[in-house]
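Here are the chains, one letter per residue:
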Amino acid sequence: MKYFDIHTHIFPAKIADKAVSFLEDYYHHRWPGAGNVDDLLSGMDSAGVDKALIFSCATKPEQVTAANDFLYCEQQKHPSRFCAFGTLHPDYRDIAGEIKRIKEMGLKGIKIHPDFQKIYINEPKMMRIYELVGDELPIMIHMGDRRTDFSSPWRLAEVLDDLPFIRVIAAHFGGYSEWDEVRKHLCGRDIWFDTSSTLWELPVDEARKIALEHGTDKILFGSDYPASMPAQAIADVLSMDLSSEDNEKIFYLNAAKLLRLEQ
């Protein structure tokens, strides 16, 4: 079995401890990972994970350039282990220019975290970003959280109704802690769900139902490192008791197809 972890956060070593501490406070959950490159690679090696998608989030417009430079450098240092998604912020001074630069650097897509960026995913500034990206790059969106309304599943449904050509990865099985709304608004649509930060809260039989209802061709394995280590995330996916064929797609083949990697 090959494994591609589609959902990992990394931070520069000098701020990793501070970033993880903030996230633990925000989510009221102890995170086992250190949030730095060496710790992620160690976790991947321990679990037998072949490759991971790395990203960070620009919570302020002025962070965009430096974050993307950091991600590009880590992708270049570890080409056999990492692919990277860039970050954007809707108030960045030159969004079109940064999208062009993201493509030129060979970053594989774009990650949006509405809760931390304080943006509604269907507001006009975000719709402009989706239109500029088009269907060339996949866009991963942190979805859900009952405490907020920035990325509720119905908002993504509205985006897809207007822009059906964009390629979206709806993280956390389409909407962390709002999975009834996921089944109502998103299941079966032409988007991908990832498994990150889901199976520790969503009952496994409900996760299995969503995976089968949405279609296992559109499910991607993700650990949400450093929130979870890759080995635990693999065990969580296996607990859904899907077929070997489905697991092969979820753990690697779907990501390889989406990101146009050699299989």
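For the structure itself, look to the data block above.
How each quantity is defined
Residues numbered from 1 in each chain as written. Predicted model: local features only at pLDDT ≥ 70, side-chain atom pairs only at ≥ 80, totals over all residues. Heavy atoms only, no water. Helix = DSSP H or I, 4+ residues; strand = E, 2+ residues; numbered from the N terminus. Rg over C-alpha atoms; globule rule 2.2 N^0.38 Å. Buried < 20%, exposed > 50% of the residue type's maximum accessible area, 1.4 Å probe, protein only. Contact = heavy atoms within 4.5 Å. Areas by Shrake-Rupley, 256 points an atom, 1.4 Å probe, with all protein chains shown as cover. Lys, Arg positive; Asp, Glu negative; His and termini not counted. Charge placed at Lys NZ, Arg CZ, Asp CG, Glu CD. Salt bridge = Lys/Arg side-chain N within 4 Å of Asp/Glu carboxyl O.

J.: Give a detailed account of the overall build of the chain, specifying residues and quantitative values.
T.: When its secondary structure is counted, the chain shows 11 helices and 8 strands. Relative to the compact-globule value of 18 Å for 263 residues, the chain shows a C-alpha radius of gyration of 17 Å, a close match. Principal axes of the C-alpha set define a box for the chain whose edges measure 45 × 40 × 40 Å. For the chain, the residues scored as buried account for 59% of the 263 residues in total. Taking the contacts inside the chain whose residues are at least 6 apart along the sequence as the reference set, 76% of them involve residues at least 24 apart. Surface exposure of the chain reaches about 11,100 Å², of which carbon and sulfur atoms provide 49%. In the chain, 30 positive and 42 negative side-chain charges are present, and the distance between their average locations comes to 4 Å.

J.: How would you summarise the pattern of salt bridges if you had to cite specific residues and measurements?
T.: Scanning the model with the defined rule gives 18 salt bridges in all. Lysine 209 serves as the salt-bridge partner of glutamate 206, at 3.4 Å between the closest nitrogen and oxygen. Linking glutamate 206 with lysine 209, this pair stays in helix H9 (residues 204–214), spanning 3 residues, or about one helical turn. Classification of glutamate 206 by relative accessible area gives partly exposed; the value is 23%. A residue is classified by how much of its surface remains accessible, and lysine 209, at 41% relative accessible area, is partly exposed. Aspartate 217 is the salt-bridge partner of lysine 249, the closest N and O atoms lying 2.8 Å from each other. One end of the pair, lysine 249, is in helix H11 (residues 244–258); the other, aspartate 217, is in the loop between H9 and strand S8 (219–220), and 32 residues separate them in sequence. A cluster of three or more residues bridged by salt bridges with shared partners is formed by Arg183, Glu206, Lys209 and Glu213.

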